[in-house]
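These are the residues of each chain, in order.
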Amino acid sequence: MCSLALFPPPLPSGQTTLCESNNQLLSGTNTEDRLKQESSPLSLYFPRESLKLHSRTESSSKAAFLDHSETLWMRSAAAWRDGGFTGLLNEITNSHTEVPKWLSVSSGCILALLRRVSSFHGSLFPHLTLSSEDMIAEFSQVLNWSDCVVRAFAWHPHTDKFAVVLLDDSIKIYNPKSATTPTLKHRLQRSVAAVQWKPLCASALAVACQNCLLIWHVDPCSLSTRPSSGCAQVLSHPGHSPVTSITWSPSGSLLVSASPVDTAMIVWDVAAESCVPLQRVGGGGVTFLSWSPDGSHVLASTPSALFRVWETRMWTCERWPCVKGRCQSGCWSPDGSRLLFTVQGEAVIYGLTFTDTPGVPTCTSKGPQAAAVVADLSETTFNTPDGDIIVGGEIQSLAWDPRGERLAVLLKGDPQAPSRPAMIAVFKTRTNPIFELLPCGFVQGESGAEPRLMQFHPNFQQGALLTVVNYNKFIFLLSCYCFTK
């Protein structure tokens, strides 16, 4: 079993990772060394001062423009649309001068009963008491999402362009071959938790928002820097918010979305704007999704100590309980036969192997019987010229490159302890004829930089290209690191 004790020590202060060559990570002393590397095709800076959060929420500004001459029925219809049954009851209760007393009292009693039931439900699933923003931050794959200027990132699966979600919920589309940088904004584009490009399509980008899904259709040949809101489809389902995770099928025909407050994951036919909820009892919601590259399985994590693996022919699922906490992150091997995942509160990586019996349909063939520990990332002390540094512990996210040659692991660290920094550990991997993990090294940015999120380029031809967003003194830097076989 591979462990951090087999890794080379972290770089001393002033050194930064450049790339990998001949099975060794190369380092340099400053940013100029990085810019000289052909393997680092881009570096983008995002100053925090240039971006601001929304000063007021949409609901808080409503009263400033509300026509108070509206009738009770019009207000009730608006309350039903915005808040559902609870919103309707609240409107009737507050309109006691316009409705019969018995109706106002009855609505108040039913509302109190619903709140008691909701409070009891919240005691079983504590995450339901969180606000939408706190809930997204709790289950995001991004380290410290609430404080991060770059809140989501997605490479296009077939070209070199990528989407970046910023603190103000705007989305910028970067293409190194184009001088135009489109900016996507929509009135429903709030608290964006994830973005993902549609496979086998040049223009469709799915966006997970607080109250809905947006499907942007951005013409790659357009010279417009501000596509209109008419370029976005709006998909929503009652009780399915906030949306914290999305995943496309490899063919691009289906999109699956998840919300921690909804026990169903929603399978969308985007072209038809229709959906099918896949609901199971237990778990308290769905927090993270990952579709296997071969299209045969979908990983669905929950806020509780269990996760499910769905097979996509008959849409049946296997239920996998965890011992300590919820499934925090997961990734699939390129052939879809192996799932690696991590559990909140644990410092190990688990593996599941899915092998279909020849001649037997996937839905009836036996899956794995137990998860195996494939790597131990317990805290390890390294002696460096700057003193002892402790690396390891709880894992924030995993990323496996499409060739199956490199696995990146984002370790949370402890922001209150300088000797326990967040760190990205990279493993060399092999899936055939046997699965194997070998140490490669630690990826480090400039001195004091903290990695927040990472993703491999899905179509890089010269090896594995890892994109990392680092935070350093109010500046967020997006950098790329190349790993060659």
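1. Things to note about the packing of aromatic side chains
Pairs of aromatic rings are described using the distance from one ring centre to the other and the angle between the two planes.
Then step 1. With the rule as written, the count across this model stands at 13 aromatic pairs.
Then step 2. Arranged with centres 5.7 Å apart and planes meeting at 45°, the rings of Trp332 and Phe354 form a pair that is tilted. In this pair, Trp332 sits in strand β21 (residues 327-332) while Phe354 sits in the loop between β23 (348-353) and β24 (372-376), placing the two residues 22 residues apart along the sequence. The residues Trp332 and Phe354 share a single accessibility class, namely buried.
Then step 3. Ring geometry for Phe341 against Tyr350: centres 5.4 Å apart, planes inclined by 20°, an arrangement best described as stacked.
Then step 4. Ring-pair connections join several aromatic residues into one group, and the members of that group are Phe7, Phe382, Phe427 and Phe442.
Then step 5. Positioned above the aromatic ring of Trp145 is the side chain of Arg151, whose terminal nitrogen or guanidinium carbon lies 3.9 Å from the ring centre.

2. Details of the side chain of Thr247
Then step 1. Tracing the backbone through its elements, the reader meets Thr247 in strand β13 (residues 245-248).
Then step 2. Note on Thr247: relative accessible area 4%, which makes it buried.
Then step 3. Polar contacts involving the side chain of Thr247 include one to the main-chain amide nitrogen of Trp291, which spans 3.3 Å.
Then step 4. For Thr247, the residues in contact, after removing those within four places along its chain, are Gln196, Leu254, Leu255, Val256, Leu289, Ser290 and Trp291.

3. Let's talk about the side chain of Ser191
Then step 1. You can see Ser191 is positioned in the loop between β8 (183-184) and β9 (194-197).
Then step 2. The contact partners of Ser191, leaving out residues within four places of it in the chain, are Glu133, Ile136, Trp145, Asp169, Ala208, Cys209 and Gln210.

Cut-off values and rules
- Residues numbered from 1 in each chain as written.
- Predicted model: local features only at pLDDT ≥ 70, side-chain atom pairs only at ≥ 80, totals over all residues.
- Heavy atoms only, no water.
- Phe/Tyr/Trp six-rings, centres within 6.5 Å; stacked < 30°, edge-to-face > 60°.
- Helix = DSSP H or I, 4+ residues; strand = E, 2+ residues; numbered from the N terminus.
- Buried < 20%, exposed > 50% of the residue type's maximum accessible area, 1.4 Å probe, protein only.
- Lys NZ or Arg CZ within 6 Å of the ring centre and 35° of its normal.
- Polar contact = N/O pair within 3.5 Å; in protein donor to acceptor, adjacent residues only side chain to side chain.
- Contact = heavy atoms within 4.5 Å.

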